[in-house]
Amino acid sequence: MIKAEHISMEFKITHDRINSLKEYLVTRLRGKLEYEEFWALKDVSFEVQKGEVIGIIGRNGAGKSTLLKVISGILKPSKGEIMVSGNIVPMLELGAGFDSDLSGRENIFLNGSILGYSERYLRDKYNEIVQFSELKEFIDVPIRNYSSGMLMRLAFSIATVIEPEILIVDEILSVGDEAFQRKSRARMLELMGGGTTVLFVSHSIEQIKEMCDRVIWLDYGQVKMIGDSKEICEHYQNYMS
Ligand SMILES: Nc1ncnc2c1ncn2[C@@H]1O[C@H](COP(=O)(O)OP(=O)(O)OP(=O)(O)O)[C@@H](O)[C@H]1O
């Protein structure tokens, strides 16, 4: 379902302080722009089968979010190849795929169509999405007036009600109030039970142990360990303590 072969991701970082596009172009044309190469992912390979729930762990800056972006097709890897079969719904950055001037209702259709779903399908699912989000009174308000918790509810409701084949989630379960967190966790477990393949990043090792079949542990952009979730989490906890 997902196959990553020798994925490496390079970012070019400049330490020059550049304040405008003009300054950037002048510096660049003079050949004075100095870049430092930084490899956020180095030679990462793994395979995920249909229906598996995979946790990605590692310290801050280890490359977890970068890996999710590469799998989602948001970033193209500098080296290596990623193969994905099935429709992916990425929930990576809050508000991505939304237009802040549009209402919650309009954004359900906008976001849903970006994710590749037809208007008819979204119309069928609309009530369920709104009901799950608990945003009924706010659904015709422009989302720029939503709190981050409300935005998260909307994004989560769209992503999970449409039952994607592959769901990619970055730390989303830690946002929102406790009641919604509980509800989201139940919904995630339901999706996992229904055969959705899930990849998610979490700093909560307890959550990873509870929900995942397998874990990928990234360290400095490399796969440090990959395997059974309880086993890898124990190694990780020992390593970090
Ligand atoms: N667009 C970018 N340009 C330059 N460097 C980047 C970019 N995106 C990420 N990085 C760098 O790549 C490294 C990995 O970042 P990433 O966000 O994938 O880490 P992470 O494991 O998700 O971290 P965290 O647990 O803190 O969320 C970091 O050092 C980060 O600064």
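Residues numbered from 1 in each chain as written. Predicted model: local features only at pLDDT ≥ 70, side-chain atom pairs only at ≥ 80, totals over all residues. Heavy atoms only, no water.

Engineer: Looking at this structure, I do not really get the overall build of the protein. What am I missing?
Structural biologist: When helices and strands are tallied, the protein shows eight helices and nine strands. On the principal axes, the C-alpha backbone points of the protein span a range of 55 × 50 × 35 Å. Residue burial in the protein is summarised as follows: out of 241 residues, 44% are buried. Surface exposure of the protein reaches about 12800 Å², of which carbon and sulfur atoms provide 48%. Charged side chains of the protein number 29 positive and 35 negative; the gap between the two group centres comes to 4 Å. (Helix = DSSP H or I, 4+ residues; strand = E, 2+ residues; numbered from the N terminus. Buried < 20%, exposed > 50% of the residue type's maximum accessible area, 1.4 Å probe, protein only. Areas by Shrake-Rupley, 256 points an atom, 1.4 Å probe, with all protein chains shown as cover. Lys, Arg positive; Asp, Glu negative; His and termini not counted. Charge placed at Lys NZ, Arg CZ, Asp CG, Glu CD.)

Engineer: What is the right way to look at the environment of Lys42 in this model?
Structural biologist: Looking at the element boundaries, Lys42 is found in strand β2 (residues 35-48). With 15 residues separating them in the primary sequence, Lys42 and Thr27 have C-alpha atoms 30 Å apart. When residues no more than four places from it in sequence are discounted, the contact partners of Lys42 are Ile7, Ser8, Tyr220, Gly221 and Gln222. Among the polar contacts made by the side chain of Lys42, one reaches the main-chain carbonyl oxygen of Tyr220 at a distance of 3.2 Å. (Contact = heavy atoms within 4.5 Å. Polar contact = N/O pair within 3.5 Å; in protein donor to acceptor, adjacent residues only side chain to side chain.)

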